[in-house]
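# Fold and geometry: a report
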Amino acid sequence: MKAALPKHVGFIPDGNRRWAQDKGFPREQGYAFGVEPGIRLFEHCRDMGIPEISIYGFTRDNTKRPAAQKAAFAEACVQFAQELTRRGAALLVLGDENSRVFPTDLRTYRERRGTGMKVNLLVNYGWDWDIDGLRHGKLRSSDVSRIDLVVRWGGGRRLSGFLPIQSVYADFFVVDEYWPDFQMAQFEAALRWFRAQDRTLGG
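Rules used throughout
- Residues numbered from 1 in each chain as written.
- Predicted model: local features only at pLDDT ≥ 70, side-chain atom pairs only at ≥ 80, totals over all residues.
- Heavy atoms only, no water.
- Axes fitted to C-alpha atoms, helices over the stretch in contact; angles between N-to-C directions.
- Helix = DSSP H or I, 4+ residues; strand = E, 2+ residues; numbered from the N terminus.
- Parallel < 35°, antiparallel > 145°, perpendicular 65-115°, else oblique.
- Left-handed = near helix turned anticlockwise from the far one by under 90°.
- Contact = heavy atoms within 4.5 Å.
- Nonpolar A, V, L, I, M, F, W, Y, C, P; charged D, E, K, R; others polar.
- Phe/Tyr/Trp six-rings, centres within 6.5 Å; stacked < 30°, edge-to-face > 60°.
- Buried < 20%, exposed > 50% of the residue type's maximum accessible area, 1.4 Å probe, protein only.
- Expected span 1.5 Å × (residues − 1).
- Pairing = 2+ DSSP bridges.
- Salt bridge = Lys/Arg side-chain N within 4 Å of Asp/Glu carboxyl O.

## Regarding the packing of helix 2 (residues 35-48) against helix 3 (residues 67-86)
Where helix 2 meets helix 3, the closest approach of the two axes is 10 Å, and the angle between their N-to-C directions is 30 degrees. One element, helix 2, and the other, helix 3, form an angle in the roughly parallel class. The chirality of how helix 2 crosses helix 3 is right-handed. On helix 3, the residues that touch Val35, Gly38, Ile39 and Phe42 of helix 2 are Ala76, Gln79, Phe80, Glu83 and Leu84. Looking at the contact of helix 2 with helix 3 residue by residue, the classes come out as 6 nonpolar, 2 polar and 1 charged.

## Some points on the packing of aromatic side chains
Considering all chains together, one arrives at 14 aromatic pairs under this definition. Ring centres 5.9 Å apart and planes at 5 degrees place the aromatic pair phenylalanine 25 and phenylalanine 33 in the stacked group. On the basis of an interplanar angle of 35 degrees and a centroid distance of 4.5 Å, the ring pair of phenylalanine 58 and phenylalanine 73 is categorised as tilted. Of this pair, phenylalanine 58 sits in strand 2 (residues 52-59) while phenylalanine 73 sits in helix 3, placing them 15 residues apart in sequence. Here phenylalanine 58 and phenylalanine 73 have matching classes, each one buried.

## Thoughts on helix 2
Taking 1.5 Å per residue as the helical rise, helix 2 with its 14 residues ought to reach 20 Å, and the 20 Å between its terminal C-alpha atoms agrees with that figure. For helix 2, every residue scored as buried is listed here: Val35, Pro37, Gly38, Ile39, Leu41, Phe42 and Cys45. Those residues of helix 2 that are buried are in contact with strand 1 (8-12), strand 2, helix 3, strand 4 (118-125), strand 5 (149-153) and helix 5 (184-195). Just past helix 2, the residue glycine 49 takes up positive phi, approximately 95 degrees.

## Re the sheet that holds strand 5
Ordered by their spatial adjacency, 6 strands build an open sheet running 3-4-2-1-5-6, and the pairing between neighbours is parallel. In this open sheet, the two strands that pair with only one neighbour each are strand 3 (90-94) and strand 6 (171-175). Direction aside, the axes of adjacent strands within the sheet are offset by 20 degrees on average. Relative to strand 2, strand 1 runs parallel, the two being bridged by 4 bridges. Paired with phenylalanine 11 across the two strands is isoleucine 55, which belongs to strand 2.

## Overview of the pattern of salt bridges
With the rule as written, the count across this model stands at 15 salt bridges. With a closest N to O distance of 3.5 Å, lysine 64 and aspartate 61 form a salt bridge. For arginine 110, the salt bridge is made with glutamate 97, and the minimal N-O distance between the two is 3.1 Å. One end of the pair, arginine 110, is in the loop between strand 3 and strand 4; the other, glutamate 97, is in the loop between strand 3 and strand 4, with 13 residues separating them in the sequence. Residues participating in the shared-partner salt-bridge network are Glu43, Glu83, Arg86 and Arg87.

## A closer look at the packing of helix 2 against helix 5
At a minimum axis distance of 11 Å, the contact between helix 2 and helix 5 shows a crossing angle of 45 degrees. Comparing the axis directions of helix 2 and helix 5 gives the class oblique. For the element pair helix 2 and helix 5, the recorded crossing hand is right-handed. Note on element contacts: helix 5 touches helix 2 through Met184, Phe187, Glu188, Leu191 and Arg195, opposite Arg40, Leu41, His44, Cys45 and Met48. Class assignment of the residues belonging to the contact of helix 2 with helix 5 gives a composition of 6 nonpolar, 1 polar and 3 charged.

Okay, here's the thing in structure tokens:
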């Protein structure tokens, strides 16, 4: 059975630091260049009628990086979240807020806000933190639906802990270009590839 439009797409926007380094910038400057592509991608998904998307901001493991990089990707996440809400997204920020690296400005979005297309932004997220919620009765990402398609920029061939429960049957498409060099044609290629898959989900 051929798949139609995915109901939920996950995005791993990788390659920001490598992009900045190739351009001769300090590595931390790459994150700011990832905000505008994310807004364009959100608007395109919304206009297509995709009900839900999830986007990796940064992980708890990422917070081991130098202070300048931590400040830069946290600032980019805040800017991105604010732009999303201005455009009517139903935003949920998912991650460990009991940490000094979790941006204070995003705490209000630890419960979903808005009534538009669902957007889940992973900020200081950890797969183990998520699953540990089962000790208290449910996944911490319990409000996030199963993912149909994961698209990763930057050439990596791994999930890197991205919503492992929801991604268990997701198809995985890799874009070799770095995230700040995003072109809509890359996402369109991912959708064409997705439609060609035989999604039996194990049946």
